[in-house]
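Structural description and commentary
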Amino acid sequence: MDDDNRSNLNGNNRNLNYDNNEVRGMALPGQYAQMKTYRNIYNKIISLRNLHEAWRRARKGKTKKDYVIEFERDLAKNLSNLHEELKSEAYFPKPLKTFILRDPKTRRISKSAFRDRIVHHALVRIIEPIFEKRFIHDSCANRIGKGNLFALRRFDKFKRKVSKNGTKEAFCLKADIKHYFDEVNHEILINMIKRNIIDEKVISLIKKILHNISNSQTGRGMPLGNLTSQFFANVYLNELDYFVKHELKAKYYIRYVDDFVILYENKKQLVKWKEQIDRFLREKLKIELHTQKSRIISLSKGIDFVGFRNFYYFKLLRKRNIKKMSRKISLFTNGCTDFGFLSESYQGWQAYAKWANTHRLRKKFKLEIISAIWEKIRFE
């Protein structure tokens, strides 16, 4: 999901006047205190006002795309038609367009039609504040004011605490979940949502979005690329967060989507926690740890997390991140891209890379870009 699409979500959403009733309930694994349920919010989701705001957010950064221009040729009519479809419950999302992205990891990305993206924004804008207050502080992905640099700062803080400022050996359980987006169980997710939302029309809309995937017959999976998938990913793994924090009492835990770390001074305890987590995931959430990518590592050897290799006293960029920027410079040098594209890419990369010990690397890339520009000027 585009970070830009999330950056405008703000605290104003929390002031929406929900018609709600308080109930007492216990969520698996049983650590939510007093929970609220929200009724009659479907009309807020499908209101023309909310759809208009959702359109504004869905178009951000994409105003020159053909599908956006086409939708906006008759914006009022198209939003009105979408409203009527949702109101009559005749709305169904259009088939996803799927493509393979190799960057360098191979990912299957599913792209929704623009009108469906508007519905995704409309839904998330209303229901996100309901769940946001239940998420733990160190769930870092796709949340207002959070992100990979927030996760990195938290890792640094926990690293210093658990290692006594680098004077004591400490360890990290570095784990991720096997084929997470492909394996999310729809029934389990819907039951989680129903603890807070008692509105069958909203649940029906969510089911339509979830089922709009090629393997929907299995009752599993979410299309990677949808705004709703990123949000539901946090709802689903919030159960893991509560288990780790409240059942296992693991203090130094951070999660970024399906990638998480636990830092601790005792390796044997981490081995035990890993076994308990895998059992919990299999039994309660019907997912499992990735056996090859879930390991216990000494902090002194460096931990790959949120794009960096994190050591006691310094950070390095992952090699694939460096290669990606190097390829973009080569594409410009060979005339495959223009300077505008390279400049935008380098500025974004540099803002990210500066969080690691990369002074020489950034200087090297800058000189390569300057040299490539001069070569182009010389031969024009």
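Since we're looking at a predicted model, the values are computed, not measured.

1. Describing a positive patch on the surface
A cluster of basic residues, Lys 157, Arg 160, Lys 161, Lys 164, Lys 168 and Lys 251, forms a positive patch on the protein surface. Along the chain, the position of Lys 157 falls in helix α7 (residues 148–162). In this structure Lys 157 comes out as partly exposed when scored by relative accessible area, which is 36%.

2. Some details on the environment of Glu 70
As for its placement among the helices and strands, Glu 70 is situated in helix α4 (residues 66–71). In this structure Glu 70 comes out as partly exposed when scored by relative accessible area, which is 47%. It is 9.9 Å that separates the C-alpha atoms of Glu 70 and Phe 114, two residues lying 44 residues apart in sequence.

3. Some details on the pattern of salt bridges
The final tally for this structure, using the stated rule, is 18 salt bridges. Across the pair Arg 56 and Glu 53 runs a salt bridge, and its minimum N-O distance is 2.6 Å. Remark: Glu 53 and Arg 56 occur in helix α3 (residues 48–59); sequence separation between them is three residues, near one turn of the helix. According to the relative accessible area criterion, Arg 56 is partly exposed, its value standing at 36%. The buried category is assigned to Glu 53, whose relative accessible area is 16%. In this structure, Arg 309 engages Asp 304 in a salt bridge whose closest nitrogen and oxygen atoms are separated by 3.9 Å.

4. Re unusual backbone geometry
In the Ramachandran plot, Asn 40 falls in the positive-phi region, its phi being about 55° despite a non-glycine side chain. Here the phi dihedral of Asn 165 falls at roughly 60°; this positive angle occurs in a residue that is not glycine. For Asn 165, the location among the structural elements is in the loop between α7 and β5 (171–176). For Asn 165, a relative accessible area of 55% corresponds to the exposed category.

5. Some words on the sheet that holds β5
In space, the four strands of this open sheet follow the order β6-β7-β5-β8, with antiparallel pairing throughout. Where the open sheet ends on each side, the last strands, each with one partner, are β6 (253–256) and β8 (295–298). Strand-to-strand twist of the sheet, defined as the mean angle between neighbouring strand axes without regard to direction, takes the value 20°. Two elements, β6 and strand β7 (residues 259–264), share four bridges in a ladder whose sense is antiparallel. In the sheet register, Ile 254 faces β7, and the bridge partner there is Val 261. This element, helix α11 (residues 227–247), spans β6 and β7 of the sheet and lies at about 170° to β6. Across the face of the sheet, helix α12 (residues 267–285) comes into contact with β5, β7 and β8 while running at roughly 145° to β7.

6. Notes on the environment of Arg 282
Mapped onto the fold, Arg 282 is located in helix α12. Given a relative accessible area of 41%, Arg 282 falls into the partly exposed group. Arg 282 has contacts with Ile 287 and Glu 288, leaving out every residue within four places of it along the chain.

7. Observations concerning the packing of helix α6 (residues 114–132) against α11
Look at α6 against α11: their axes get within 10 Å of each other, and the N-to-C directions meet at 20°. In terms of orientation, α6 lies roughly parallel with respect to α11. Taken as a pair, α6 and α11 cross one another with a handedness that is left-handed. Contact residues: α6 offers His 120, His 121, Leu 123, Val 124, Ile 127, Glu 128 and Phe 131, while α11 offers Leu 227, Thr 228, Phe 231, Phe 232 and Val 235.

8. What to know about α3
With 12 residues, α3 extends 16 Å from end C-alpha to end C-alpha; this agrees with the ideal 16 Å at 1.5 Å per step. Every buried residue belonging to α3 is among Asn 50, Leu 51, Glu 53, Ala 54, Trp 55, Arg 57 and Ala 58, and all of these are buried. Backbone geometry just downstream of α3 places Gly 61 in the positive-phi region, at approximately 80°.

9. Digging into the packing of aromatic side chains
Under the counting rule described, the total for this entry stands at 17 aromatic pairs. For the ring pair Tyr 67 and Phe 114, a centre distance of 5.9 Å and an interplane angle of 40° mean the geometry is tilted. Placement of Tyr 67 in helix α4 and of Phe 114 in helix α6 is noted, with a sequence separation of 47 residues between them. You can call Tyr 67 partly exposed: its relative accessible area is 26%. Between Trp 349 and Phe 365, the ring centres sit 5.2 Å apart and the planes meet at 55°, which makes this aromatic pair tilted. Residue Trp 349 is found in helix α14 (residues 339–353), and its partner Phe 365 is found in helix α15 (residues 359–379); the two are separated by 16 residues along the sequence. Phe 365 matches Trp 349 in its accessibility class, with the two residues each being buried. Ring pairing ties together the aromatic residues Tyr 67, Phe 71 and Phe 114, which thus form one cluster. Its end group placed over the ring of Phe 92, Lys 208 keeps NZ or CZ at 4.3 Å from the ring centre.

10. Quick notes on the side chain of Asp 138
Along the polypeptide, Asp 138 turns up in the loop between α6 and α7. Look at Asp 138 and you get buried, because its relative accessible area is 5%. Setting aside chain neighbours within four positions, we find Asp 138 in contact with Phe 150, Arg 154, Phe 158, Tyr 253, Ile 254 and Arg 255.

About the thresholds
Residues numbered from 1 in each chain as written. Predicted model: local features only at pLDDT ≥ 70, side-chain atom pairs only at ≥ 80, totals over all residues. Heavy atoms only, no water. Patch = residues over 30% accessible without salt bridge, like charges linked within 9 Å, V, L, I, M, F, W, Y side chains within 5 Å. Areas by Shrake-Rupley, 256 points an atom, 1.4 Å probe, with all protein chains shown as cover. Salt bridge = Lys/Arg side-chain N within 4 Å of Asp/Glu carboxyl O. Lys, Arg positive; Asp, Glu negative; His and termini not counted. Charge placed at Lys NZ, Arg CZ, Asp CG, Glu CD. Helix = DSSP H or I, 4+ residues; strand = E, 2+ residues; numbered from the N terminus. Buried < 20%, exposed > 50% of the residue type's maximum accessible area, 1.4 Å probe, protein only. Pairing = 2+ DSSP bridges. Axes fitted to C-alpha atoms, helices over the stretch in contact; angles between N-to-C directions. Contact = heavy atoms within 4.5 Å. Parallel < 35°, antiparallel > 145°, perpendicular 65-115°, else oblique. Left-handed = near helix turned anticlockwise from the far one by under 90°. Expected span 1.5 Å × (residues − 1). Phe/Tyr/Trp six-rings, centres within 6.5 Å; stacked < 30°, edge-to-face > 60°. Lys NZ or Arg CZ within 6 Å of the ring centre and 35° of its normal.

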